[in-house]
Amino acid sequence: MNHPVDATPAHSLGQIAESLRPRTLERLVLGQETSDGAGVRLRRVLTQDLQQRLDPFLMLDAFGSDDPDDYIAGFPDHPHRGFETITYMIQGRMLHRDSAGHEGLLQSGGMQWMTAGRGVVHSEIPQQQSGLMEGFQLWLNLPAERKLCAPWYRDVQAQDIPRLRTGDGVELAVLAGSSHGVQGAVQRELTEPLYLDLRLPAGSRFSQPLPAGHNAFVYVYRGALRIGDAEVPAQRMGILGNDPQADGVVLHALADSRALLVAGRPLRQPIVQYGPFVMNTAQQIHDALRDFREGRIGGYAG
Ligand code: FE2
């Protein structure tokens, strides 16, 4: 039994963690099996119908197969405009080239962050003939005033991604934002994305403060988690409710588990998508198609 005078700094920290008023699970999402690029099999976890609900995130694809026929063709040259793509590789090797002159080898545990801005043409081609290729591609929207910014690109190798281990034995990579005092590999103003890759031993618990207005979801890719009274099994996305009274999320691992935790500040702007272009108006999509046709996206017409 604790008497108030026995409170130690550690105890106080424990009380802070306990004071989290966690969000509840709003719904489970199965996603859609599909193929993209030149025939890469993947699960589209965050589909177009969820873009408003999960603003500022536009898409999440999960790919994972040890059958080279599922991935070997890769993603040959294709354009993007108006948002950012974040590719995170769990296992495998993929070569990226783009029209802005960037080239990089994405390897196991590494991340590539590309801001398409006013436009790039790029390719993403597997650099392996066999074995497991597993990873994720997340699309993060750009605010209206930044949609035509200059393209930007950064490779972050596995050893350069900040990591931490909690007292509960949970290990995490902080891809973006910050967690438990650790600054992630990339920060973004305005959308303030949080992107964590979590490895949770069975029976462990992980808590993460989240700003009340930010949209947030969990994607479990191994094992199973519990959020409040609800279970999120493997290969499911759990959308977290936006209770204005809640200040974070608490994840309980029902088995050895791996999961992504993603959150961001919504832009609340119109979203008009046509394939690889995501703008605010139909006219801007017409402009993107015209610019692509005339070689002004990734071409050399300036
Ligand atoms: Fe792409």
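Look a little higher up for the structure.
These numbers were taken from a predicted model, which means no experiment stands behind them. (Residues numbered from 1 in each chain as written. Predicted model: local features only at pLDDT ≥ 70, side-chain atom pairs only at ≥ 80, totals over all residues. Heavy atoms only, no water.)

Colleague: Could you give me a rundown of the sheet that holds strand 20 (residues 224–227), with the residues and numbers involved?
Modeller: Strand pairing within a sheet occurs via backbone hydrogen bonds; the two strands may be parallel or antiparallel. An order of 18-23-20-21 is seen for the four strands of this open sheet, with the pairing classed as antiparallel. The open sheet is flanked by strand 18 (205–209) and strand 21 (230–233), the only strands paired with a single partner. The average angle at which neighbouring strand axes cross in this sheet is 25°, direction not considered. Sheet analysis places strand 18 next to strand 23 (residues 248–253), joined by five bridges and oriented antiparallel. Within the sheet, the bridge partner assigned to F206 lies in strand 23 and is L251. (Pairing = 2+ DSSP bridges. Helix = DSSP H or I, 4+ residues; strand = E, 2+ residues; numbered from the N terminus. Axes fitted to C-alpha atoms, helices over the stretch in contact; angles between N-to-C directions.)

Colleague: Kindly report on the coordination of the iron ion, identifying the contributing residues and their values.
Modeller: Six octahedrally arranged donors around a metal ideally form angles of 90 or 180 degrees; four tetrahedrally arranged donors ideally form angles of 109.5 degrees. The protein atoms that coordinate the iron ion are H78 (NE2), H80 (NE2) and H122 (NE2), at distances spanning 2.1 Å. Here the donor residues of the iron ion are spaced in sequence according to H-x1-H-x41-H. In this pair, H78 sits in strand 5 (residues 75–80) while H122 sits in strand 10 (residues 120–126), placing the two residues 44 residues apart along the sequence. Residue H78 is classed as buried on the basis of its relative accessible area, which comes to 19%. (Donors = N, O, S within 2.8 Å, 3.2 Å for Na, K, Ca; no water. Buried < 20%, exposed > 50% of the residue type's maximum accessible area, 1.4 Å probe, protein only.)

Colleague: An account of the packing of aromatic side chains is needed here, citing residue identities and associated values.
Modeller: Scanning the model with the defined rule gives six aromatic pairs in all. Where Y88 meets Y195, the ring centres are 6.3 Å apart and the plane angle is 70°; that geometry is what we call edge-to-face. With Y88 in strand 6 (residues 83–91) and Y195 in strand 17 (residues 194–200), this residue pair connects regions lying 107 residues apart in the sequence. Accessibility assignment for this pair places Y88 and Y195 in one class, buried. Ring pairing ties together the aromatic residues F136, Y219 and Y221, which thus form one cluster. (Phe/Tyr/Trp six-rings, centres within 6.5 Å; stacked < 30°, edge-to-face > 60°.)

Colleague: Describe the layout of surface pockets, naming the residues involved and giving the relevant values.
Modeller: In this structure, the largest pocket encloses a volume near 430 Å³. Lining the largest pocket are 25 residues, with D36, R44, M59, D61 and W139 positioned closest to its centre. Residue assignment for the lining of the largest pocket shows that the elements contributing at least two residues are strand 3 (40–46), strand 4 (57–65), strand 5 and strand 11 (133–141). Looking at which element gives the most residues to the lining of the largest pocket, the answer is strand 5, with five residues. When its residues are assigned to classes, the lining of the largest pocket shows 11 nonpolar, 10 polar and four charged. Put simply, the second largest pocket is a space of about 260 Å³. (1 Å grid on protein atoms, 1.4 Å probe; cavity = no way out; pocket = protein on both sides within 12 Å on 5 of 7 lines; lining within 4 Å. Points joined across faces, edges and corners; volume = space filled by probe spheres on them. Nonpolar A, V, L, I, M, F, W, Y, C, P; charged D, E, K, R; others polar.)

Colleague: Hey, could you go over the side chain of Q208 for me, with residue numbers and the actual values?
Modeller: Locating Q208 in the fold gives a position in strand 18. Accessibility expressed as a relative area gives 4% for Q208, which makes it buried. Among the polar contacts listed, one links the side chain of Q208 to the side chain of S179, at a separation of 2.6 Å. Sequence-distant contacts of Q208, defined by excluding residues within four places in its chain, comprise L20, S178, S179, H180, L194, L196, G248, V249 and L261. (Polar contact = N/O pair within 3.5 Å; in protein donor to acceptor, adjacent residues only side chain to side chain. Contact = heavy atoms within 4.5 Å.)

Without other data, these values stay purely geometric and don't point to any function.
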